[in-house]
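Given next are the chains, with one letter for each unit.
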Amino acid sequence: MALFPASALRPGVRKREVFGWAMYDFANSGYTTVVITAVFAAYFVGGIAKGAPWATFAWTAALSTSYAIVMLTMPAIGAWADLRAAKKRVLVMTTTGCVLATAALALTPGFAGGAMGVALAMALVIVSNAFYSYGESLTGAFLPELATAEGMGKVSGWGWAFGYVGGMLALGLCLAYVLWSQAHGLPAAHFVPVTMLITAAIYGVAACVTFALLPERAVPQASRGEDSAWRQLRATFQQARAYRDFMWLLVCTVCYQGGVAVAITLAAIYAEQVIGFVASETMALIFVLNVAAALGAFAFGYVQDRIGHKVSLAATLLAWIAVCVIAAWVTTKGGFWWAAAIAGLAMGSSQSAGRAMTGYLAPPQQLAEFFGLWTFATRLASIIGPLSFGAITWATGGDQRIAILSTAVLFVGGLLLLLPIDMQRGRKAALQAR
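Computed from a predicted model, the values in this text were never measured in an experiment.

A. Quick peek at the overall build of the protein. A tally of regular secondary structure across the protein gives 17 helices and zero strands. In terms of overall dimensions, the protein has a C-alpha envelope of 60 × 45 × 40 Å along the principal axes. Counting across all 434 residues of the protein, residues that qualify as buried make up 60%. For the protein, contacts bridging at least 24 residues in sequence account for 86% of all contacts bridging at least 6. By element, 71% of the accessible surface of the protein is carried by carbon and sulfur atoms, the whole surface being about 16100 Å².

B. Summary view of the side chain of Ser133. Within the secondary structure layout, Ser133 lies in helix 5 (residues 115–140). Here Ser133 is in contact with Tyr67, Val70, Thr375 and Arg379, once residues within four sequence places are set aside.

C. Region of the structure containing the environment of Gly385. Position of Gly385 among the secondary structure elements: in helix 14 (residues 367–395). In contact with Gly385, not counting residues within four places along its chain, are Gly258, Val262 and Leu410.

D. Region of the structure containing helix 3 (residues 55–84). The end-to-end C-alpha distance of helix 3 is 43 Å, a good match for the 44 Å that 30 residues give at a rise of 1.5 Å each. Maximum bend of helix 3: about 40 degrees, positioned at Thr73, with proline Pro75 one to four residues after it. The positive-phi residue at the C-terminal boundary of helix 3 is Ala85, with phi of around 50 degrees.

E. Looking closely at the packing of aromatic side chains. Under the criterion given, the structure shown has 16 aromatic pairs. With a centroid separation of 4.7 Å and 50 degrees between ring planes, the pair formed by Phe246 and Phe370 is classed as tilted. Of the two residues, Phe246 sits in helix 10 (residues 244–275) while Phe370 sits in helix 14, which places them 124 residues apart along the sequence. Residue class for Phe246 comes out buried when judged on its relative accessible area of 2%. The class of Phe370 is buried, set by a relative accessible area of 0%. Seen from their ring centres, Trp320 and Phe411 are 5.2 Å apart, and the 0 degrees between their planes marks the pair as stacked. Here Trp320, found in helix 12 (residues 309–329), pairs with Phe411, found in helix 16 (residues 408–418); they are 91 residues apart in sequence, far enough to count as distant. An aromatic cluster is built from Phe40, Tyr43, Phe44 and Trp59, whose rings are joined through pairwise contacts.

F. Spotlight on the state of the cysteines. The final tally for this structure, using the stated rule, is zero disulfides. Here Cys252 stays free of any disulfide, with the sulfur of Cys255 as its closest cysteine sulfur at 7.3 Å. By relative accessible area, Cys252 is classed as buried at 0%. Between Cys324, a free cysteine, and Cys255, which holds the nearest cysteine sulfur, the sulfur-to-sulfur gap is 12 Å.

G. Seen up close, helix 2 (residues 40–48). For helix 2, the buried fraction is high: eight of the nine residues fall into the buried class. Among all positions of helix 2, only Phe40, Ala41, Ala42, Tyr43, Phe44, Val45, Gly47 and Ile48 are buried. Buried residues along helix 2 sit against helix 1 (15–38), helix 3, helix 5, helix 8 (188–213) and helix 10. In the segment just after helix 2, Lys50 is the residue with positive phi, at about 55 degrees.

H. Layout of the packing of helix 13 (residues 333–361) against helix 17 (residues 423–431). For the pair helix 13 and helix 17, the least separation of the axes is 8 Å and the interaxial angle reads 50 degrees. Our classification of the angle between helix 13 and helix 17 gives oblique. Within the contact between the two elements, helix 13 uses Met357, Gly359, Tyr360 and Leu361 and helix 17 uses Met423, Gln424, Gly426, Arg427 and Ala430. The class makeup of the residues in the contact of helix 13 with helix 17 is five nonpolar, three polar and one charged.

I. View of a nonpolar patch on the surface. On the surface, a cluster of nonpolar side chains totalling about 330 Å² of accessible area is made up of Leu107, Phe111 and Met116. Summarising the element assignment, Phe111 is placed in the loop between helix 4 (87–104) and helix 5.

J. Local environment of the nonpolar core. Counting residues in hydrophobic clusters, the biggest one holds 143 residues, and the most contacted among them are Phe40, Phe44, Trp59, Val155, Trp320 and Phe336. No other element matches helix 10, which puts 17 residues into this core. The contact partners of Val155, leaving out residues within four places of it in the chain, are Ala8, Leu9, Val18, Trp21, Leu143 and Ala147.

K. Quick look at the side chain of Glu136. Looking at the element boundaries, Glu136 is found in helix 5. Leaving out residues up to four positions away in the same chain, Glu136 has contacts with Asn28, Trp160 and Arg379.

L. Seen up close, the confidence of the model for the protein. Looking at the protein, pLDDT values average 86 and 94% of them are 70 or higher. The secondary-structure element of the protein with the lowest mean pLDDT is helix 9 (residues 228–238), recorded at 61, while helix 4 shows the highest, at 96.

M. Structural context of the pattern of salt bridges. Counted under the stated rule, the structure contains eight salt bridges. Put simply, Glu17 and Arg14 hold a salt bridge, and the shortest N to O gap is 3.3 Å. Using a relative accessible area of 49% as the deciding quantity, one classes Arg14 as partly exposed. A salt bridge links Glu136 to Arg379; the shortest N-O distance between them is 2.7 Å. One end of the pair, Glu136, is in helix 5; the other, Arg379, is in helix 14, and 243 residues separate them in sequence. Overall, the relative accessible area of 7% leaves Arg379 in the buried class.

N. Representation of the packing of helix 1 against helix 4. Their axes nearest at 12 Å, the elements helix 1 and helix 4 cross at an angle of 30 degrees. Here helix 1 is positioned roughly parallel relative to helix 4, judged by the angle of their axes. Of the two possible hands of crossing, helix 1 and helix 4 adopt the one that is left-handed. Here helix 1 contributes Tyr24, Tyr31 and Val35 to the contact with helix 4, which in turn contributes Leu91, Thr95, Cys98 and Thr102. Here the contact of helix 1 with helix 4 is built from residues that sort into five nonpolar, two polar and no charged.

The rules behind these values
- Residues numbered from 1 in each chain as written.
- Predicted model: local features only at pLDDT ≥ 70, side-chain atom pairs only at ≥ 80, totals over all residues.
- Heavy atoms only, no water.
- Helix = DSSP H or I, 4+ residues; strand = E, 2+ residues; numbered from the N terminus.
- Buried < 20%, exposed > 50% of the residue type's maximum accessible area, 1.4 Å probe, protein only.
- Contact = heavy atoms within 4.5 Å.
- Areas by Shrake-Rupley, 256 points an atom, 1.4 Å probe, with all protein chains shown as cover.
- Expected span 1.5 Å × (residues − 1).
- Bend = angle between axes of the 7 residues up to and from the residue.
- Phe/Tyr/Trp six-rings, centres within 6.5 Å; stacked < 30°, edge-to-face > 60°.
- Disulfide = S-S within 2.5 Å.
- Axes fitted to C-alpha atoms, helices over the stretch in contact; angles between N-to-C directions.
- Parallel < 35°, antiparallel > 145°, perpendicular 65-115°, else oblique.
- Nonpolar A, V, L, I, M, F, W, Y, C, P; charged D, E, K, R; others polar.
- Patch = residues over 30% accessible without salt bridge, like charges linked within 9 Å, V, L, I, M, F, W, Y side chains within 5 Å.
- Salt bridge = Lys/Arg side-chain N within 4 Å of Asp/Glu carboxyl O.
- Core = buried A, V, L, I, M, F, W, Y, C linked by side-chain atoms within 4.5 Å.
- pLDDT = per-residue confidence, 0-100.
- Left-handed = near helix turned anticlockwise from the far one by under 90°.

This is the structure we're talking about:
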């Protein structure tokens, strides 16, 4: 069997188009890896906010604000893009916004230690993360135009795995510069700005490949007035009963993605403040986590198409529960490495599975809209997960072990909410949509 079978693609779709689509995952993964997970998160808490008791909460509040903005706007943006066949056009604009805001983060160390520095960093994180989220949703909406229903898991896995390669490239270059800087006695205020510029440059250059190779296959739909996007979105919610399996998937996504969001946004902070990692060790840890995530996303895409989307997602949620228990229990760096390795495998496969399930259940004429609703769910999860972690940590006097163990409840809830979903019934409803 071919490693990249053409049978996974819809008629007329060329592999170069799929490569162009996957390059966007490659482009934007450096943002989450370097900014949200490995470098800027820990620097914000320890460098800009100087380790203040409220620092972790301020970081999660900034991310939550950006997610709230995306939740309120992305479904309507998706409906607008569907009506005008403008997914690619909007993707170019949101990518430009994220790249510029990420590059601007290089300015924040100059204001570290004061209220202005904290406010500037939070504002730029809000802006960059909102634009990143728009881009993630829009690129996901191209998936059902490229892959067959039977190949959705494979193609989603190709993109997500390639994305982690991009994350590793960005993090590897940043790690090399950080190690060089530390060897020359340079402080974090020197090397953090350079890592932001590296990340922005990789994002911008790699995304240009997507813009060059990925066509807009959708065609404009008849306009129904200036508020047509909002009317279409309201109509979708009014017909929610017809899409009940997709709606169950959204609720399930809110639950389990809340736990995934904890891993993405707080892994570096937990590793350094609880386990005792230093910055270079944390970056090496995240690098290896990305290797495991790439392997998990790629391999599990084939498994998913063979055993089914639902069973595959359930298996990854069981792995996440194990991660939470291990991370809360271990006290050594070696033990935490085991938790990180399992988390990497689970992260790539669970995120790829969720995207493929969304593509499988989305009506062909409303792809950007339904991926906008999926983004609504993932961003709501990204508010609930990290804020609950921060609140539990605060309530327990800074005990992050209790907080990470409590995160397992989100994955258990995701498993339970997965049970009512009937994938075949949901696919039938999607194909019968208006």
